[in-house]
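# Descriptive analysis of the structure
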Amino acid sequence: MRIENHPILRFSRARRFVFFFENQPVEAFEGETIAAALIANGIDTFRLSLRHKRPRGLFCAIGKCSSCLVEVDGKPNVRACLTLAREGMRVRLQKNRGVVGVEDGAH
Amino acid sequence: MKMEHIERPELLIIGGGPAGLSAAIVASNHGVRTLLVDEGVKLGGQLVKQTHKFFGDEEFYASKRGFEIADILVDEVKRSPNVLTLTQTSVIGIYEDAVGVYDRTKEKVFSILPGYILVAAGASERFLSFPGNDLPGIYGAGAVQTLVNQYGVLPGKRFLIVGSGNIGLILAYQLYQAGADVVAIVEITDRIGGYEVHAAKVKRLGIPVLTNHTLVRAIGQERVRGAVIAKVDEHYSPIPSTERELVVDVICLAVGLVPSVELVMQAGAELIYVNELGGYVPRRDFRMRTTVDNLFVAGDLAGIEEATTAMIEGKIAALTIVEELRNLDLSEEIERLQKKLSIFRSGPTSEKVRRGLEKMGIHYEGVSFQNVKQTPGLEHKLKPVIECFQPIPCNPCETSCPTGAIVVGDNINNPPKIDYEKCTGCGICAISCPGLAIFMIQEDYTGNRSLIGVPYEFLPLPQKGDVVLALDRDGNIVSNAVVEKVIKSKNLTNLVYISIDRDLAHSVRQIVMPESKPASYVCRCEDVTVEDVMRAIDAGFTDYEELRRYLRIGMGPCGGRTCSSLALNLLTRKTGRSPYELRPQISRPPIFPVPFASLKGGEEDEG
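What you see is a predicted model; the values in this text were computed from it and never measured.

### Quick look at the overall build of chain B
Of regular secondary structure, chain B possesses 16 helices and 31 strands. The contacts of chain B with a sequence gap of at least 6 include a subset with a gap of at least 24, amounting to 63%.

Okay, structure coming up:
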């Protein structure tokens with residue numbers, strides 16, 4: 001949920017655009033990270049854990065914990081918390097460790 | 001030239017938080033070619049997500065809000081000719097011969113050969129083990145601050161916070177500001193860990209801080225749906241019979257931070273385990289130099305503390321590097337900053353840090369402070385009542401006072417003293433106080449009413465004439481209050497002056513708009529609340545018939561079936577008269593609504 005009115009802060013949401021998570025359109029604003037935009041849209045599972053296939057989401061939000069890894073345009077292990085959302089970007093749940101040279105699966 | 005600056009900086013600073021930014025400014029001022037690298041999308045480190053006013057002294061931006069301090073520092077760095085900054089750029093390793101850097105926007109790795117390195121990489125959230133601790137919806141407290149205050153995104157509606165240190169307390173207040181519900185803060189020890197003034201802010205909003213309690217497990221399959229908490233015994237083990245379930249959708253872990261030491265470790269610096277500083281920390285000297293000659297540290301990575309000391313440490317490290325690079329003697333400025341640090345760290349809230357630093361041979365002297373509890377008297381006068389009794393390093397009350405009435409003194413840990421003769425009652429101290437611990441009070445206002453000015457940082461802002469709810473220090477609603485005036489402040493800590501019964505002048509410390517707490521209704525038909533009835537009884541309507549005529553209780557379609565017993569009950573409680581003495585209401589037909597037409601014996605033809 002996005003906060004509209006805040007007693008101290010102003011959130012400038014100048015440019016609105018759409019990217020995709022698991023092929024579903026997600027609304028985002030310029031300057032938002034993938035993680036912020038997904039959570040604003042009520043999506044909080046970003047990947048499945050390696051052994052137990054547990055749902056995992058954001059934990060630290062500052063690039064330290066690696067809980068929020070997603071696949072972006074075919075590239076695995078992208079930290080959703082530090083990566084800005086871009087128009088048309090295709091984000092997917094990361095379900096494994098990622099494969100070297102996975103780029104050919106992109107787009 | 002830019003390539004040279006990036007590839008061969010005289011000083012590489014890793015981390016653009018308060019420590020790194022302060023160091024960059026100092027280095028640039030002395031002409032040192034500095035490269036500052038930060039992983040985030042924005043410089044400022046964790047300052048960017050802090051909405052509260054900071055403690056400390058003016059030189060280090062006390063009374064400014066965290067994100068404002070970030071803006072000031074970043075502006076200065078941007079204006080510094082000798083600093084180049086790279087954001088969205090991660091240092092991936094310190095190798096023997098070079099520093100590896102990854103530019104995420106270009107997806108390119110390159111290497112840097114710096115003369116000196118200052119690592120100010122901060123800290124990461126401490127994790128906690130409990131069943132279900134990996135579920136989405138469980139966040140580090142800092143992560144929730146990032147989402148809420150940097151991006152304006154609430155990850156849920158009902159929050160549980162684990163840990164009552166400053167971060168947990170501040171987060172609770174920030175969530176309330178953002179319009180979320182904080183169900184509770186649980187604290188495993190028997191006392192609140194953070195500053196008393198932070199705790200007071202949270203308590204008077206009615207947010208429970210449950211000491212001797214812990215989180216037992218998270219509830220939920222695919223995400224957090226709730227939490228089980230319990231009391232703990234003297235060994236901090238949960239007592240099963242005290243378990244209870246809370247319906248929450250976010251659990252915030254505010255159980256401490258761990259210094260991010262990976263890079264200094266790779267550079268070969270010696271680490272030592274110092275529990276009081278957050279775990280493994282680099283061994284370093286007074287000048288912030290590690291055991292590797294050209295490698296310095298500052299800020300949380302050097303030991304978990306706070307922003308002011310991080311800024312000072314960053315400056316000391318940078319000055320030392322400048323001395324060596326330029327063959328200068330800057331000891332005078334370094335001494336001055338060292339003195340600031342030692343004063344800052346002399347209070348009881350720095351006791352743990354002092355103990356930790358002692359373990360690497362760095363000694364700071366603790367000082368004892370006198371407890372000041374002033375009873376102002378002067379009941380005819382509007383004056384500040386300062387409820388700041390714990391020595392904390394902070395003095396904006398002193399520096400903001402235009403008449404010099406408030407004195408903290410040389411050691412900023414001193415609790416403030418006020419000379420009420422010099423005070424003009426302007427209220428600037430109440431607006432400036434980072435702890436929101438100053439209230440404006442005039443006991444003799446009008447008749448038997450007192451005037452109280454409370455600092456207020458929420459939406460909506462009440463207006464003159466509004467009736468608001470007055471809360472005591474524990475967040476209990478004790479009365480209604482009338483808003484007499486509202487002083488809007490540039491720094492967004494507004495002062496709302498209310499009038500209340502005189503005997504409540506020393507207990508009311510918070511107001512809330514009536515909408516934000518649901519009322520208790522007596523009469524559903526006419527929307528009459530318990531508050532309305534109590535006020536009417538106070539005003540002299542002490543009989544059911546009087547109340548009925550005044551408030552319309554029992555005059556709605558239900559004919560009093562729902563409300564009359566509740567109203568009689570309140571009358572009994574308030575006046576002490578037994579229901580035997582009170583007359584029930586008179587019932588008149590019809591006892592439920594019927595159409596007029598039906599009274600005339602059925603439907604009537606139009607024509």
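After presenting the structure, the write-up continues.
### Looking at the interface of chain B and chain A
At the junction of the two partners, chain B supplies 32 residues and chain A supplies 30 residues. When residues of the side of chain B that touches chain A are assigned to their parent elements, the largest contribution, five residues, is made by helix α4 (residues 141–150) of chain B. Partitioned by chemical class, the residues of the side of chain B that touches chain A number 13 nonpolar, twelve polar and seven charged.

### Quick notes on the domain arrangement of chain B
Under the domain assignment used here, chain B contains domain 1 (2–123 + 258–358), domain 2 (138–255), domain 3 (383–516) and domain 4 (519–607). Taken over C-alpha atoms, the centre of domain 1 of chain B sits 69 Å from the centre of domain 4 of chain B.

### Overview of unusual backbone geometry
All names here are of chain B. Omega for the peptide link from L459 to P460 comes to -10°, which places this bond in the cis form. Counting through the fold element by element, P460 comes out in the loop between β25 (449–456) and β26 (467–472). Despite not being glycine, S63 has its phi angle at roughly 75°, a positive value. You can see S63 is positioned in the loop between β2 (34–37) and α3 (66–79). For S63, a count of 23 C-beta atoms within 10 Å translates into the label buried.

### Remarks on the sheet that holds strand β15 (residues 244–246) of chain B
Residue and element names in this part refer to chain B. Judged by pairing direction, the sheet is antiparallel, and its three strands sit side by side in the order β13-β14-β15 without closing on themselves. Among the strands making up the open sheet, the edge pair consists of β13 (213–219) and β15. The mean angle between the axes of side-by-side strands here comes to 30°, regardless of whether they run parallel or antiparallel. As paired elements, β13 and strand β14 (residues 226–231) share six bridges and run antiparallel to each other. Each residue of the ladder has a partner; that of I219, found in β14, is G226.

### Some words on the packing of helix α5 (residues 166–177) of chain B against helix α6 (residues 196–203) of chain B
All names here are of chain B. At a minimum axis distance of 9 Å, the contact between α5 and α6 shows a crossing angle of 30°. Helix-helix and strand crossings are classified by hand; for α5 and α6 the assignment is left-handed. Two secondary-structure elements touch here, α5 through N166, L169, I170, A172 and Y173 and α6 through H198, A199, K201 and V202. Each residue belonging to the contact of α5 with α6 can be placed in one class, and the counts come to six nonpolar, two polar and one charged.

### Looking at the nonpolar core
All names here are of chain B. Counting 191 residues, the largest nonpolar core has L118, I251 and C252 as the members making the most contacts within it. Once residues lying within four places of it in the same chain are set aside, the contact partners of I251 are G137, I138, L160, V162, L215, A218, V224 and A227. Counting twelve residues, the second-largest nonpolar core is a separate cluster that includes A536, Y544, I553 and A567.

### So, the sheet that holds strand β12 (residues 209–211) of chain B
Strand pairing in a sheet relies on backbone hydrogen bonds. The paired strands run either parallel or antiparallel. All names here are of chain B. With parallel pairing, five strands are arranged side by side in an open sheet as β9-β16-β10-β11-β12. Edge strands, defined here as strands with exactly one partner in the open sheet, are β9 (138–140) and β12. Within this sheet the neighbouring strands show an average axis-to-axis angle of 20°, counted without direction. With three bridges connecting them, β9 and strand β16 (residues 250–253) associate as parallel partners. Bridge pairing in β16 places G140 opposite L253.

Conventions and cut-offs
- Residues numbered from 1 in each chain as written.
- Chains lettered and ligands numbered in written order.
- Predicted model: local features only at pLDDT ≥ 70, side-chain atom pairs only at ≥ 80, totals over all residues.
- Helix = DSSP H or I, 4+ residues; strand = E, 2+ residues; numbered from the N terminus.
- Contact = placed C-beta atoms within 7 Å.
- Nonpolar A, V, L, I, M, F, W, Y, C, P; charged D, E, K, R; others polar.
- Domains from an automatic or database assignment.
- Buried ≥ 20, exposed ≤ 12 C-beta atoms within 10 Å, placed from the backbone.
- Pairing = 2+ DSSP bridges.
- Axes fitted to C-alpha atoms, helices over the stretch in contact; angles between N-to-C directions.
- Left-handed = near helix turned anticlockwise from the far one by under 90°.
- Core = buried A, V, L, I, M, F, W, Y, C linked by C-beta atoms within 7 Å.

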